[in-house]
Amino acid sequence: MTTDKRAVLVLGMHRSGTSALTRIINLMCFSAPKTLMAATEANEAGFWESEVFMDLDERILKACGHKWSSRKRLQEDAMAVARRTGLLEEVRRALANEYGDAPDIVLKDPRISRLMAIYGPVLKEAGYRILPLLALRNPVEVAASLTKRDGFDLGKGLGIWLRYTLDSEIATRGMPRTVISFDGLMADWRSTMERAARQLGEPWPQLPPESLAEIDGTLKPNLRHHALPPPSRTSWRGLLAAQTYDAMQRLMVDPQDRAACRRLDLIRAVFRPL
């Protein structure tokens, strides 16, 4: 059964350009949630995500024995936990309250990268066809941003990046999907989004000049606070991050690249943070 309702899910690690990507999708006529998080000094252009979902997803992670910065795998079935605690019904209500009867929506909270076992079924139950966009940024730049914002060291930042990246990839494998690099978005967002449309099999609407101008204005050079080389392979975590980054870049070309997926499966098997 096909549906005309579409939900673009912006997945991937925090500090990876997910906010700018979400705003672009919003300007392409996909409805943003009603209760938007306020802009902060760390993100002056706004997050374009729902306070309701952010709070709810953190509570789900807590019920699973985790938090947003956890690096370990979820040991319990997130759907079973959400059902047992009543949080599943809260997700259903939040979806209805934040989007109403909007036929095309964009949903972003990086935590959903770890909670697709819940969000996939809930969105499908609501009649949405899911279109995953996996945001990708050099993990060293992400870690540097986390150091500045949260005081995390490089190893912890790389570990969180690995967890979110690996979880979002396996959760969307086999689905129509696209990987969007921060570098590509900043360099040429039009070509990047055209590639995304081809890979998703979903054409974007023709945008008026004012929307094009707003997107151009959204992608300001000051979005990039860090321009750093890729991870050093001299440490175990650096090696895993570098190999994961390489594999994800291959998925930019072919979102189901078998060799890249095999490499990611191997990394997932050996990545066992304390």
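Notes on the structure follow. Small disclaimer: the values here were computed from a predicted structure and weren't measured.

## Some details on unusual backbone geometry
Here is step 1 of the chain: Even without being glycine, Arg15 reaches a positive phi, approximately 65°.
Here is step 2 of the chain: Secondary-structure assignment places Arg15 in the loop between strand E1 (5-12) and helix H1 (18-27).
Here is step 3 of the chain: The phi angle at Cys29 is positive, at roughly 80°, despite the residue not being glycine.
Here is step 4 of the chain: For Cys29, a relative accessible area of 54% translates into the label exposed.

## Focus: helix H12 (residues 258-270)
Here is step 1 of the chain: Taking 1.5 Å per residue as the helical rise, H12 with its 13 residues ought to reach 18 Å, and the 19 Å between its terminal C-alpha atoms agrees with that figure.
Here is step 2 of the chain: Listed in full, the buried residues belonging to H12 are Ala260, Cys261, Leu264, Ile267 and Arg268. Across the axial projection of H12, the buried residues extend over an arc of 120°, all falling on one side. Seen from the buried face of H12, the exposed residues on the opposite side, beyond 90 degrees, are Arg258, Arg262 and Leu266.
Here is step 3 of the chain: Those residues of H12 hidden inside the fold are in contact with helix H7 (154-172) and helix H11 (236-253).
Here is step 4 of the chain: Of the residues that open H12, the one with a side-chain oxygen 3.1 Å from the backbone nitrogen of Ala259 is Asp257.

## Topic: the pattern of salt bridges
Here is step 1 of the chain: Scanning all chains against the criterion turns up 24 salt bridges.
Here is step 2 of the chain: Two residues, Glu214 and Arg23, come together in a salt bridge whose shortest N-O distance is 2.3 Å. Taken together, the residues span a long stretch of sequence, with Glu214 in helix H10 (residues 209-218) and Arg23 in helix H1 at a distance of 191 residues.
Here is step 3 of the chain: A relative accessible area of 35% places Glu214 in the partly exposed class.
Here is step 4 of the chain: Residue Asp265 pairs with Arg173 through a salt bridge whose shortest N-O separation is 3.0 Å. Taken together, the positions of Asp265 in helix H12 and Arg173 in the loop between H7 and strand E4 (178-181) put the pair 92 residues apart, joining distant regions of the chain.

## Some points on the packing of aromatic side chains
Here is step 1 of the chain: Considering all chains together, one arrives at five aromatic pairs under this definition.
Here is step 2 of the chain: Note on Trp161 and Tyr245: the rings are 6.4 Å apart at their centroids and 75° apart in plane angle, and the pair reads as edge-to-face. Linking Trp161 in helix H7 with Tyr245 in helix H11, this pair joins segments that are 84 residues apart in sequence.
Here is step 3 of the chain: On the basis of relative accessibility, which here comes to 1%, the residue Trp161 falls in the buried class.
Here is step 4 of the chain: What links up through ring pairs into an aromatic cluster is the set Phe53, Tyr99 and Tyr119.
Here is step 5 of the chain: Lys5 extends its terminal NZ or CZ atom over the ring of Tyr128, reaching a point 4.3 Å from the ring centre.

## Concerning the packing of H11 against H12
A pair of packed helices is characterised by two quantities: the angle between their axes and the separation of those axes.
Here is step 1 of the chain: One can describe the packing of H11 onto H12 by two numbers: an axis separation of 9 Å at closest approach and a directional angle of 155°. Here H11 is positioned roughly antiparallel relative to H12, judged by the angle of their axes. In the crossing of H11 with H12, the sense of the turn from one axis to the other is left-handed. Touching Trp236, Leu240, Gln243, Thr244, Ala247, Met248, Arg250 and Leu251 of H11 are Ala259, Ala260, Cys261, Arg263, Leu264, Ile267 and Val270, all from H12.
Here is step 2 of the chain: Considering only residue class, the contact of H11 with H12 consists of eleven nonpolar, two polar and two charged.

## Focus on the side chain of Arg163
Here is step 1 of the chain: As for its placement among the helices and strands, Arg163 is situated in helix H7.
Here is step 2 of the chain: What makes Arg163 buried here is its relative accessible area of 1%.
Here is step 3 of the chain: Among residues more than four places away in sequence, those in contact with Arg163 are Ser70, Arg71, Lys72, Arg73, Arg114, Arg268, Phe271 and Pro273.

Reading the values: rules and limits
Residues numbered from 1 in each chain as written. Predicted model: local features only at pLDDT ≥ 70, side-chain atom pairs only at ≥ 80, totals over all residues. Heavy atoms only, no water. Helix = DSSP H or I, 4+ residues; strand = E, 2+ residues; numbered from the N terminus. Buried < 20%, exposed > 50% of the residue type's maximum accessible area, 1.4 Å probe, protein only. Expected span 1.5 Å × (residues − 1). Arc of directions from axis to C-beta. Contact = heavy atoms within 4.5 Å. Polar contact = N/O pair within 3.5 Å; in protein donor to acceptor, adjacent residues only side chain to side chain. Salt bridge = Lys/Arg side-chain N within 4 Å of Asp/Glu carboxyl O. Phe/Tyr/Trp six-rings, centres within 6.5 Å; stacked < 30°, edge-to-face > 60°. Lys NZ or Arg CZ within 6 Å of the ring centre and 35° of its normal. Axes fitted to C-alpha atoms, helices over the stretch in contact; angles between N-to-C directions. Parallel < 35°, antiparallel > 145°, perpendicular 65-115°, else oblique. Left-handed = near helix turned anticlockwise from the far one by under 90°. Nonpolar A, V, L, I, M, F, W, Y, C, P; charged D, E, K, R; others polar.

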